[in-house]
Amino acid sequence: VQLQASGGGLVETGGSLRLDCAVSGLTFSNYAMGWFRQAPGKEREFVAVISWSGGFTSYGGSVKGRFSISRDNAKNTVYLQMNSLKPEDTAVYYCAAAPRPGTDATMRRVEWYDYWGQGTQVTVSS
């Protein structure tokens, strides 16, 4: 199983980035997909999750209204569109996959996910 995150980089405050996570080695359409982030010295933080069908999405409070998660099951890829970026969004962003249904609360937990990507760095300059 491989989750390959890409699209990170350096952007100015107020700018936008789109992260992609290409998945292989599993039946992508059977998995809920999440995005998390981790800044230096901090715990891994929930960012967003999307159900296997794309019919359910949920966001962390600090990104709601600015970030959007989507998926393309034909391309085995999940996306995170990030708009109105702030310096506090600076972190390594990770995608993750979970093969089971869950509640909004459980899908925000790191322990709910079975597979993780390697992370992509996002840096927002002030």
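This is a predicted model, so every value here is computed, not measured.

Draft legend 1. A look at the pairing of strand 7 (residues 67–72). Residues F67, I69 and R71 point to one face of strand 7 and are all buried, whereas S68, S70 and D72, pointing to the other face, are not buried. Summarising the sheet, strand 7 and strand 8 (residues 77–82) pair through six bridges and their orientation is antiparallel. From the neighbouring strand, F67 faces strand 8, where its bridge partner is M82. Where strand 7 folds back on strand 8, the antiparallel hairpin that results is connected by four residues, among which N76 adopts a positive phi of roughly 55°.

Draft legend 2. Up close: the environment of D20. In this structure, D20 sits in strand 3 (residues 17–24). Distance in space between the C-alpha atoms of D20 and T120 is 9.6 Å, their sequence separation being 100 residues. Ignoring anything within four residues of it in the chain, the contact list for D20 reads Q4, A5, S6, W35, T77, V78 and Y79. Here the side chain of D20 touches R18 through a polar contact of 3.0 Å, side chain to side chain.

Draft legend 3. Layout of the sheet that holds strand 8. As summarised here, the arrangement of the four strands in space is 1-3-8-7, forming an open sheet in which the pairing is antiparallel. A strand with exactly one partner marks an edge of an open sheet, and here the two such strands are strand 1 (2–6) and strand 7. The mean angle between the axes of side-by-side strands here comes to 15°, regardless of whether they run parallel or antiparallel.

Draft legend 4. Geometry of the environment of E12. As for its position among the elements, E12 is in strand 2 (residues 9–12). Each C-alpha atom, one on E12 and one on T123, is 8.4 Å from the other, the two residues being 111 residues apart in sequence. Apart from residues no more than four positions distant in its own chain, E12 is found in contact with V124 and S125.

Draft legend 5. View of the nonpolar core. Core analysis: the biggest nonpolar cluster contains 29 residues, and M33, W35, L80, M82 and Y93 have the highest contact counts within it. Looking at this core, the elements with two or more residues in it are strand 1, strand 3, strand 4 (32–38), strand 5 (45–50), strand 7, strand 8, strand 9 (91–98) and strand 11 (120–125). Grouped together as the second largest cluster of nonpolar side chains are nine residues, A32, F46, A96 and M107 included.

Draft legend 6. Examining unusual backbone geometry more closely. Located in the positive-phi region is N76, a residue other than glycine, with phi close to 55°. Non-glycine residue S84 carries a positive phi angle of around 50°. Its location among the elements puts S84 in the loop between strand 8 and strand 9.

Draft legend 7. Geometry of the pairing of strand 3. Pairing between strand 1 and strand 3: five bridges, direction antiparallel. The residue bridging S6 from the neighbouring strand is D20, located in strand 3. As paired elements, strand 3 and strand 8 share six bridges and run antiparallel to each other. Of the residues in strand 8, the one forming a bridge with L17 is M82.

The rules behind each value
Residues numbered from 1 in each chain as written. Predicted model: local features only at pLDDT ≥ 70, side-chain atom pairs only at ≥ 80, totals over all residues. Heavy atoms only, no water. Buried < 20%, exposed > 50% of the residue type's maximum accessible area, 1.4 Å probe, protein only. Helix = DSSP H or I, 4+ residues; strand = E, 2+ residues; numbered from the N terminus. Pairing = 2+ DSSP bridges. Contact = heavy atoms within 4.5 Å. Polar contact = N/O pair within 3.5 Å; in protein donor to acceptor, adjacent residues only side chain to side chain. Axes fitted to C-alpha atoms, helices over the stretch in contact; angles between N-to-C directions. Core = buried A, V, L, I, M, F, W, Y, C linked by side-chain atoms within 4.5 Å.

Such coordinate-based values are descriptive only and should not be taken to indicate function.
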